[in-house]
Amino acid sequence: MSEIKSIAIIGVGRVANHLATVLYSQGLEISAIYGRKTDLAQALAKKVEARVITDISKPIRTDLILLAVSDDAIEGVAAQLSKSNKGIVAHTSGAVPLDEIPSDLRRGVFYPLQSFSIDKKIVWENVPFCIEAEDDTDLNSLGALAEMVSKKVYILSSKQRKILHLVAVFANNFANLMFEFSDELLEKADIDPSILHPLILETANKILMQRASESQTGPASRCDLDTLRMHREILGEDNIYRTVYDLLTTEIY
């Protein structure tokens, strides 16, 4: 196995910042930072004692080039890289297949399954890392790197990772939208939204102990038709809350 000791990071957003910081904290060399916004690249480089590069078409001497950019930018950015690069080139996306990186590079995937906020601390040992590579040696190298920060490392194909990314949208993004709807409806009724926090935490904790289908409660699961009619009357007609309520209630029922 070829050990990864130095890493160049292309990107200066939330994922790039978090990964650069945690990998640097593990004693790895962050050899270079590249970003379209020079001021952000300089700020990140300063935190991890890296140099800022301004031209990614030139060879980058490093063991790993991480493409921590938006999904839509990965293919275009990867195409700019010099074919003389000797290190692994891996993107950090859950939705983008491996083959969007040119085949004449040592291509891989280093995807942390987590929602990142710029100022929120991440408990890295609990973050699943999904890795992929064409070469077994590169796969082992990426796995060893992931194991430096996490206890949960998974080898997934591009097809599996796409499905995982879709499911994460249901579990995270859609669930978060429901919390947003709840906040809006409570605020309209002059009720402090924090009243729901214990219920939200209990719901999340149940998921860790049993399947979601086994913990489903509420009027739809009990076939409590009078309560369902009352809810619909409160919500009224022709609004997003009613549309979502009817769709999800029908599915649970």
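A short tour of the structure in this document, coming up. Note that the structure is a prediction, hence the values are computed from the model and not measured.

## Thoughts on the pattern of salt bridges
In total, this model carries eight salt bridges according to the counting rule given. The partner of Arg 161 in a salt bridge is Glu 132, with the nearest N and O atoms 2.8 Å apart. Taken as a pair, Arg 161 in helix α5 (residues 158–188) and Glu 132 in strand β7 (residues 129–133) lie far apart in primary sequence, 29 residues in all. Each member of the pair, Arg 161 together with Glu 132, is buried.

## Looking at the sheet that holds strand β4 (residues 64–67)
Strands sit in the order β3-β2-β1-β4-β5-β6-β7-β8 across an open sheet of eight strands; the sheet is mixed. The strands lining the two open edges of the sheet, one partner per strand, are β3 (51–52) and β8 (153–155). Across the face of the sheet, helix α4 (residues 136–147) comes into contact with β1 (6–10), β4, β5 (88–91), β6 (106–112), β7 and β8 while running at roughly 165 degrees to β7.

## Examining the packing of α5 against helix α9 (residues 240–252)
Look at α5 against α9: their axes get within 12 Å of each other, and the N-to-C directions meet at 130 degrees. For the element pair α5 / α9, the angle class is oblique. Considering only the axes of α5 and α9, their crossing is left-handed. Seen from α5, the contacting residues are Met 178, Phe 181, Glu 184, Leu 185 and Lys 188; seen from α9, they are Ile 240, Tyr 241, Val 244 and Leu 248. Considered class by class, the residues forming the contact of α5 with α9 number seven nonpolar, no polar and two charged.

## Section: α4
Relative to the 16 Å expected for 12 residues at 1.5 Å per residue, α4 spans 16 Å between its end C-alpha atoms, a close match to the ideal helical length. Turning to α4, its buried residues number three or more, namely Asp 138, Leu 139, Ser 141, Leu 142, Gly 143, Leu 145 and Ala 146. Structurally, the start of α4 carries an N-cap: the backbone nitrogen of Thr 137 is 2.8 Å from a side-chain oxygen of Asp 135.

What counts, and where the lines are drawn
- Residues numbered from 1 in each chain as written.
- Predicted model: local features only at pLDDT ≥ 70, side-chain atom pairs only at ≥ 80, totals over all residues.
- Heavy atoms only, no water.
- Salt bridge = Lys/Arg side-chain N within 4 Å of Asp/Glu carboxyl O.
- Helix = DSSP H or I, 4+ residues; strand = E, 2+ residues; numbered from the N terminus.
- Buried < 20%, exposed > 50% of the residue type's maximum accessible area, 1.4 Å probe, protein only.
- Pairing = 2+ DSSP bridges.
- Contact = heavy atoms within 4.5 Å.
- Axes fitted to C-alpha atoms, helices over the stretch in contact; angles between N-to-C directions.
- Parallel < 35°, antiparallel > 145°, perpendicular 65-115°, else oblique.
- Left-handed = near helix turned anticlockwise from the far one by under 90°.
- Nonpolar A, V, L, I, M, F, W, Y, C, P; charged D, E, K, R; others polar.
- Expected span 1.5 Å × (residues − 1).
- Polar contact = N/O pair within 3.5 Å; in protein donor to acceptor, adjacent residues only side chain to side chain.

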